[in-house]
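Structure at a glance
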Amino acid sequence: MENSYSYEVSSITIPSLTLESGTTLHNVNLAYERTGNKEGPVILVCHALTGTHIVKGTSEDRGWWDGLIGPGSYIDTDLYNVIAFNVLGGCEGSTGPTSTNPETGERYGPDFPHISIRDMVHAQYEALQQLSVYHIEAVIGGSLGGMQALEWGALYPSYINKVFALAVSPALNDYGLAFNHIGITAIEGDPDFQRGHYPHGAILKGLEIARMVGMVTYRTQELFDRRFQRERTNEQYNVESYLDYQGKKLGKRFDPNSYLTLLKAMNTHDIGRGRGGTEAVADSYPCELVSISYEGDLIYSPQYLKEFTLQAPKGEHYFIPTAFGHDGFLVEFEKWGGIISSHLKNRQGQKIVTGMK
């Protein structure tokens, strides 16, 4: 295979997109990053809640999965062409609440329609058609990205060969719904939220609090205790300073209406919805399904994902011991990157030494 390496950050416009709700969006824009061998099989990467389409990045500005993707890496860009879209409803270049409604000339704001995980996948499918990509080797994602990856296998099974679902479950459980409700309430209850009509670029305390809540669910007690050890700086516990910093950091770059849109989309995640239930989907899941769970994941039960995966005709599940909990899919690539590369290479009969089934 000829290696014709390229790197591109751009956007694609979908003339119209009808959502599950029946609402039709016009001139839908999806920002994307495309990197690797232009002649190689395509791998689609789906990002998490506050992630972006910049998964590889550049040497000056590395992407959030730079440790997994690159020349000679676990997802080898000498071999594969890697595409990632900023998710529908996001605020990093794709159509979402911060975008201009072509019908009114004003920002969508709180009037942006409710979307589902399936809407996100349909938008990506249409964008890939615009890019003349008519088949993909694999789709991979963690958390919100894992929800999309699972849906890809149910919605477009003939379009893809493999699904890699990381740090996710077949449906968002009630514990996850509960934490999302706290985040939603924190944002919507902020007086400065103004029912979603806050000034563009406003920084809301409610969003900062929602982020703090999320950060607690992403890591384990072990990691927090080991890192902070009840130490204080200037009369404040270091763990408090850490959460304050994370809240402010996100508040400066992320739109509150977009955060709400994506949380509510996550709430719709249920692979069995309208399909006869989770077990029925698992029994007939058509793609090769490789799932990875992480020790201490508070929301996305490893057991739930394992049961679904092993019920699928072509499913393999791996469990990664880690102190990072849910955030395990963003770090420690040496523990689980080999699982991805081995399944991409289809090394049948060879033992995969990373992780545990």
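Since this is a predicted model, take the numbers as computed values, not measurements. (Residues numbered from 1 in each chain as written. Predicted model: local features only at pLDDT ≥ 70, side-chain atom pairs only at ≥ 80, totals over all residues. Heavy atoms only, no water.)

1. Quick notes on helix α2 (residues 144–155)
Across its 12 residues, α2 extends 16 Å between first and last C-alpha, which sits within 8% of the 16 Å expected from 1.5 Å per residue. Taking burial as the measure, the 12 residues of α2 include 10 buried ones, the bulk of the element. When α2 is considered as a whole, its buried residues turn out to be L144, G145, G146, M147, Q148, A149, L150, E151, W152 and G153. (Helix = DSSP H or I, 4+ residues; strand = E, 2+ residues; numbered from the N terminus. Expected span 1.5 Å × (residues − 1). Buried < 20%, exposed > 50% of the residue type's maximum accessible area, 1.4 Å probe, protein only.)

2. Focus: the pattern of salt bridges
Going through the model one piece at a time under the given rule, you end up with 13 salt bridges. Between E208 and K205 there is a salt bridge, with its nearest N and O atoms 3.3 Å apart. Of this pair, E208 and K205 both sit in helix α4 (residues 205–218), 3 residues apart, roughly one helical turn. Residue classification places K205 among the partly exposed positions, given a relative accessible area of 41%. With its nearest N and O atoms 3.5 Å apart, the salt bridge here joins E222 to R226. Here E222 pairs with R226, and both are found in helix α5 (residues 221–228), just 4 residues apart, close to one helical turn. According to the relative accessible area criterion, R226 is partly exposed, its value standing at 48%. A network of salt bridges, in which partner residues are shared, links K56, R62 and D66. (Salt bridge = Lys/Arg side-chain N within 4 Å of Asp/Glu carboxyl O.)

3. Description of unusual backbone geometry
A negative phi angle is the norm for most residues apart from glycine, just as the trans form is the norm for most peptide bonds. Even without a glycine there, the phi angle at Q229 is positive, about 50°. Mapped onto the elements, Q229 comes out in the loop between α5 and β9 (232–233). Within the chain, E332 stands out as a residue other than glycine whose phi angle is a positive 50°.

4. Thoughts on the packing of helix α1 (residues 117–130) against α2
The interhelical angle for the contact between α1 and α2, taken along N-to-C directions, is 70°, at an axis separation of 9 Å. In terms of orientation, α1 lies roughly perpendicular with respect to α2. For the element pair α1 and α2, the recorded crossing hand is right-handed. Only L144, M147, Q148, E151, W152 and L155 of α2 make contact with α1, whose side of the interface consists of I117, R118, M120, V121, H122, Q124, Y125 and L128. Grouping the constituent residues of the contact of α1 with α2 by class yields 9 nonpolar, 3 polar and 2 charged. (Axes fitted to C-alpha atoms, helices over the stretch in contact; angles between N-to-C directions. Parallel < 35°, antiparallel > 145°, perpendicular 65-115°, else oblique. Left-handed = near helix turned anticlockwise from the far one by under 90°. Contact = heavy atoms within 4.5 Å. Nonpolar A, V, L, I, M, F, W, Y, C, P; charged D, E, K, R; others polar.)

5. Notes on the confidence of the model for the protein
With 96% of its residues at a pLDDT of 70 or more, the protein has an overall mean of 95. Here residues 347–357 is modelled with pLDDT under 50, and outside its nearest four sequence neighbours on either side it reaches 23 contacts, counting other chains as well. (pLDDT = per-residue confidence, 0-100.)

6. Regarding a nonpolar patch on the surface
A cluster of nonpolar side chains, contributed by Y5, Y7 and V9, occupies part of the molecular surface with about 270 Å² of accessible area. Turning to its location among the elements, V9 is positioned in strand β1 (residues 5–18). (Patch = residues over 30% accessible without salt bridge, like charges linked within 9 Å, V, L, I, M, F, W, Y side chains within 5 Å. Areas by Shrake-Rupley, 256 points an atom, 1.4 Å probe, with all protein chains shown as cover.)

7. So, helix α3 (residues 174–188)
In this model, α3 (15 residues) spans 20 Å end to end at C-alpha, consistent with the 21 Å of a helix rising 1.5 Å per residue. What α3 keeps buried is the set G176, N180, G183, I184, A186 and I187. In an axial view of α3, the angular spread of the buried residues amounts to 160°, which keeps them on one side of the axis. Away from its buried face, by an angle of more than 90 degrees, α3 presents the exposed residues D174 and H181. Residues of α3 that are buried sit in contact with α4 and α7 (256–267). Where α3 begins, the capping side chain belongs to N173, and its oxygen is found 3.2 Å from the backbone nitrogen of Y175. (Arc of directions from axis to C-beta. Polar contact = N/O pair within 3.5 Å; in protein donor to acceptor, adjacent residues only side chain to side chain.)

8. Observations regarding the pairing of strand β8 (residues 160–166)
Burial analysis of β8 places 6 of its 7 residues in the buried class, the great majority of the element. Taken together, the 5 bridges between β8 and strand β11 (residues 288–294) define a ladder with parallel strand orientation. Note on β11: the bridge partner recorded for V163 is L289. (Pairing = 2+ DSSP bridges.)

9. Overview of the packing of α5 against helix α6 (residues 238–253)
It is the contact of α5 with α6, at a shortest axis distance of 9 Å, that shows an interaxial angle of 115°. For the element pair α5 / α6, the angle class is roughly perpendicular. For the pair α5 and α6, contact is made by F224, R227 and F228 and by N238, V239 and Y242, respectively. Of the residues that constitute the contact of α5 with α6, the class distribution is 4 nonpolar, 1 polar and 1 charged.

10. A few points about the packing of aromatic side chains
On inspection of all chains with the given rule, the structure shows 18 aromatic pairs. Considering the side-chain rings of Y125 and W152, the 6.4 Å spacing of their centres and the 55° angle between planes classify their relative orientation as tilted. Placement of Y125 in helix α1 and of W152 in helix α2 is noted, with a sequence separation of 27 residues between them. Each member of the pair, Y125 as well as W152, carries the same accessibility label: buried. Ring pairing ties together the aromatic residues W64, W65, Y294, F333 and W336, which thus form one cluster. (Phe/Tyr/Trp six-rings, centres within 6.5 Å; stacked < 30°, edge-to-face > 60°.)

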